[in-house]
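Working through the structure, step by step
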Amino acid sequence: MRLTDRAVRGLTTNDDLLEVWDEIVPGLGLRVSGRTGRKTWFIRYRARGRQRRQSLGPYPAKSLYHARAEAKLKLGEAALGADPARPDPGVVTVREVAKDWLERHARPNLREYTVREYKRQLKAEVYPALGNRRAADVTRRDVHDLLDSIVRRDALVLANRVRSLLGAVMDHGVERFDLPHNVVRSVKKPAVEKPRERVLSPAEIKAVWSALPCLTSQSAAAVRLLFLTAQRKREVLRMRESHVDGEVWTIPPEHHKAGRRHTVPLTDPALDVLYSLTARGGWYFPSPRAKGSRRDLKTAVRKLRKEAGLEEPWTLHDIRRTVGTQMGELCGVSNAIIGLVLGHKPQDITATTYSHASREREKREALEAWAQDLAMIARAAS
């Protein structure tokens, strides 16, 4: 079609993906995601006897005018025998490889939160040390120096995550930019990770619950829902009015860690928490500075830790583990039902053959029993 700014701005689709081609610059296309509405410019050309595609960046960050100008330049290079998407491996930098990996692999295949975290790690850790280095020149010593600098900050888990991220980026460099090899794969993880096992005792639960008035009403409500529903922090913070139907909260696949639809029965105390909130833009926990929902509770957690005064460190995710454990120990709920409440994938055929109604009823009974025990813990004498 003959693309114009107005036409591009108004393009939408009900399908998973729509691609339109520009009549003015043959080879320039625009990809529109039906799921997210994201629009991305790309070019298609032939190089070395093979058809190739290269992303030029998102619209409207890159306008139609600038997309056409860049497309003409790159398509001209291809016509002269070069391959714009596969520059000389001796020239391409780590930053360029990483940005291409984000665009080609991360954005289309990973969740928005994961992509945002990868971009943060690249910007904060990788780019300052290696961003401007030629990717083909990176050595094992360079990788060790980067990881050692993170380990010295006692950020052992982050060091492992950065190693894995940089390894994926350099794998992409081998595949897409003809790098000779990936040096990261020969570097061992800098730390041995142990799964967290922290479970709050009833006395610690009471201390945290009693300290909630020190927070804003919205932050306190979020933490109360963590205790009452046993769901993940991100899932609670991204709760929408449209996700709640009567006494059931349905977490859509795009908000659930496992990418599956998950239903959570809401007990009376949980509903009371929701009734106390004023939703904005459809979000129960709207962001104070931008559109969408809140992303974290970091400030609230620091304040809550200080107010609760627990001797042993704890995190918000420990609440989820605590609720699952206490459901079994205090309420006598079976491991199979606890797993269903937490949204874990069933591990055996028996769990998958329960009727849907039975599962929902048992999940509700488990959460109601836990809500009663939580209320007794909160009221218990110090």
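To start, this report covers the structure provided alongside it. Everything numeric in this text was worked out from a predicted model, so none of it was measured. (Residues numbered from 1 in each chain as written. Predicted model: local features only at pLDDT ≥ 70, side-chain atom pairs only at ≥ 80, totals over all residues. Heavy atoms only, no water.)

1. Things to note about the overall build of the protein chain
Worth spelling out the cut-off: Every helix listed is a DSSP run of H or I at least four residues long, and every strand listed is a run of E at least two residues long, numbered separately from the N terminus. Contacts: residue pairs with any heavy atoms within 4.5 Å of one another. The Shrake-Rupley method, run with a 1.4 Å probe sphere, supplies the accessible areas, and residue values consider only the shown protein chains as cover. Counted as positive: Lys and Arg. Counted as negative: Asp and Glu. His and the chain ends are not counted at all. Working definition for charges: the position is that of NZ of Lys, CZ of Arg, CG of Asp or CD of Glu.
Helix and strand counts for the protein chain come out as 15 helices and seven strands. Long-range pairs, those at least 24 residues apart, make up 58% of the contacts in the protein chain between residues at least 6 apart in sequence. Looking at the protein chain as shown, the accessible area adds up to about 21,000 Å², and 49% of this sits on carbon and sulfur atoms. In the protein chain, which carries 70 positive and 46 negative side-chain charges, the distance between the mean positions of the two groups comes to 4 Å.

2. Observations regarding helix α4 (residues 112-130)
Quick note on the threshold: Here the bend at a residue is taken as the angle between two axes, fitted respectively to the seven residues that end there and the seven that start there. When a residue's accessible area, from a 1.4 Å probe over protein chains only, is under 20% of the maximum for its type it is buried; when over 50% it is exposed; and in between it is partly exposed.
The largest bend in α4 is about 40 degrees, located at Leu 122. Within the sequence span of α4, burial applies to Val 115, Gln 121, Leu 122, Glu 125, Val 126, Tyr 127 and Leu 130. Those residues of α4 that are buried lie in contact with α3 (94-109), α5 (140-151) and α6 (156-177).

3. With respect to a positive patch on the surface
Put simply, the rule is: Surface patches are defined over residues having more than 30% relative accessible area and no salt bridge, joining like charges when they lie within 9 Å and nonpolar side chains (Val, Leu, Ile, Met, Phe, Trp, Tyr) when within 5 Å. Every case where a carboxyl oxygen of Asp or Glu lies within 4 Å of a side-chain nitrogen of Lys or Arg is listed as a salt bridge.
A grouping of Arg 35, Arg 111, Arg 234 and Lys 257 is seen on the molecular surface, where their side chains present a positively charged patch. With respect to the secondary-structure elements, Arg 35 resides in the loop between β2 (28-33) and β3 (39-47).

4. Re the nonpolar core
So the rule is basically this: What we call a nonpolar core is a set of buried Ala, Val, Leu, Ile, Met, Phe, Trp, Tyr and Cys residues that are connected through their side-chain atoms within 4.5 Å.
Counting 55 residues, the largest nonpolar core has Phe 285, Leu 304 and Met 327 as its most contacted members. Broken down by element, the residue count for this core peaks at eight residues, all from helix α8 (residues 217-229). Excluding residues within four positions of it along the chain, Phe 285 makes contact with Gln 218, Ala 221, Ala 222, Leu 225, Val 236, Leu 237, Met 239, Leu 277, Ser 293 and Arg 294. Counting residues in hydrophobic clusters, the runner-up holds 31 residues, among them Leu 102, Leu 130, Val 138 and Val 169.

5. Re the packing of helix α12 (residues 316-329) against helix α13 (residues 335-342)
Angle between the axes and distance between the axes: these two values describe a pair of packed helices. How we decide: Only the stretch in contact is used when a helix axis is fitted, and all axes are lines through C-alpha atoms; the angle between N-to-C directions ranges over 0 to 180 degrees. An angle below 35 degrees is read as roughly parallel, one above 145 as roughly antiparallel, one from 65 to 115 as roughly perpendicular, and any other as oblique. Crossing handedness: left-handed means the near helix sits turned counterclockwise from the far one by under a right angle, and right-handed means the same turn made clockwise.
Contact geometry of α12 with α13 gives a least axis separation of 10 Å together with a crossing angle of 150 degrees. Between α12 and α13, the angle is such that the two are roughly antiparallel. Read as a crossing pair, α12 and α13 show a hand that is right-handed. Between α12, through Arg 320, Gly 324, Met 327 and Gly 328, and α13, the contact on the second element is made entirely by Ile 338, Val 341 and Leu 342.

6. Observations concerning the packing of α4 against α6
As a reminder of what qualifies: Each residue gets one of three labels, nonpolar for Ala, Val, Leu, Ile, Met, Phe, Trp, Tyr, Cys and Pro, charged for Asp, Glu, Lys and Arg, and polar for the others, Gly among them.
Running from N to C, α4 and α6 cross one another at 80 degrees; their axes reach a closest spacing of 10 Å. In terms of orientation, α4 lies roughly perpendicular with respect to α6. Of α6, the residues touching α4 (which contributes Tyr 118, Arg 120, Gln 121, Leu 122, Glu 125, Val 126 and Leu 130) are Leu 158, Arg 161, Val 162, Leu 165, Leu 166 and Val 169. Tallied by class, the residues present in the contact of α4 with α6 amount to nine nonpolar, one polar and three charged.

7. Describing the pattern of salt bridges
This model, assessed by the stated rule, comprises 20 salt bridges. Between Arg 185 and Asp 171 there is a salt bridge; the shortest N-O distance is 2.6 Å. Of this pair, Arg 185 sits in the loop between α6 and α7 (202-211) while Asp 171 sits in helix α6, placing them 14 residues apart in sequence. Residue Arg 185 is classed as partly exposed on the basis of its relative accessible area of 44%.

8. Describing unusual backbone geometry
The peptide bond linking Tyr 59 to Pro 60 adopts the cis configuration, its omega dihedral lying at 10 degrees. Its place among the elements puts Pro 60 in the loop between β4 (50-59) and α2 (64-79). Phi is positive for Asp 154, which is not a glycine, with a value near 65 degrees. In this structure, Asp 154 sits in the loop between α5 and α6. We classify Asp 154 as exposed; its relative accessible area is 69%. Of note in this structure, Asp 178 is not a glycine but carries a positive phi near 60 degrees. As for its position among the elements, Asp 178 is in the loop between α6 and α7. Judged by relative accessible area, Asp 178 falls into the partly exposed class, the value being 33%.

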